[in-house]
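Chain by chain, the residues:
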Amino acid sequence: SPMTAGLAAWRDSAKKVENLVQPVRASAQDRFGCATDRPARMEIDSKVILTLRGVTPSQDEGIAFARDKKRTRINVYRGSVITESVNADLLLQTPEGRIEGKDAYLLVEVTEGQTRVVVVDGTLTFTNDLGKVDVPAGSATTVAHGEAPGAPVEADAEKEVAWGRACDPKNLIPNPGFEDG
């Protein structure tokens, strides 16, 4: 379900990109992304919220997802995705490996040849055929294509996800001292 304007999807059934303005039933072959250069936000079954930036919906890129009885699986092909989950087991698949966890708040950045993960809240595990690393809150790891996941390093996680706040709804009545504005 789109939560902000600017969400688009390459729909496998139509073989074209459509701008989304209302909830849609998605297939595992559909690819979601941003319709413009601004971030866009979507919800998966009210348990997972994705905020996208630099994600292009096309047959070979964008964000794809599927659900099974145990977890939500999200494929991230390229771009930046903030993921917030509540009571949901997650599996994020990138070209460099798998990110798994539950009840997490994280940023995944996929660029040509590497994946970077920043964990704001929760503990996640990054695994590929060459290794495995636990990434706790307040840290990040970068994995280059064909290499084992690197040891986590400290990160300013809140600052890393600040761009996602552009999609936050604004209060009609500001409360000075309790919010930014």
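The structure presented is a predicted model; accordingly, all values stated were derived computationally and were not measured.

### Some words on the pattern of salt bridges
- On inspection of all chains with the given rule, the structure shows eight salt bridges.
- The shortest N-O distance in the salt bridge between D30 and R11 comes to 3.0 Å. A residue pair is termed long-range when its members are at least 10 positions apart, and D30 in the loop between strand 2 (16-20) and strand 3 (31-34) and R11 in strand 1 (residues 7-11) qualify at 19 residues.
- Relative accessible area serves as the criterion here: at 12%, R11 is assigned to the buried category.
- Through salt bridges that share partners, E61, R78 and E112 make up one connected network.

### Things to note about the packing of aromatic side chains
- This model, assessed by the stated rule, comprises one aromatic pair.
- Residue placement shows R53 over the ring face of W163; its charged tip is 4.2 Å from the ring centre.

### Observations regarding the sheet that holds strand 5 (residues 48-53)
- Here seven strands make up an open sheet; going across it, the order is 4-5-8-11-12-15-16 and the pairing antiparallel. Two strands in the sheet have a free side with no partner beyond their single neighbour: strand 4 (40-44) and strand 16 (153-154).
- By the bridge criterion, six bridges tie strand 5 to strand 8 (residues 79-85) in an arrangement that is antiparallel. Looking at strand 8, one finds that L50 is bridged to T83.

Quick notes on the rules
Residues numbered from 1 in each chain as written. Predicted model: local features only at pLDDT ≥ 70, side-chain atom pairs only at ≥ 80, totals over all residues. Heavy atoms only, no water. Salt bridge = Lys/Arg side-chain N within 4 Å of Asp/Glu carboxyl O. Helix = DSSP H or I, 4+ residues; strand = E, 2+ residues; numbered from the N terminus. Buried < 20%, exposed > 50% of the residue type's maximum accessible area, 1.4 Å probe, protein only. Phe/Tyr/Trp six-rings, centres within 6.5 Å; stacked < 30°, edge-to-face > 60°. Lys NZ or Arg CZ within 6 Å of the ring centre and 35° of its normal. Pairing = 2+ DSSP bridges.

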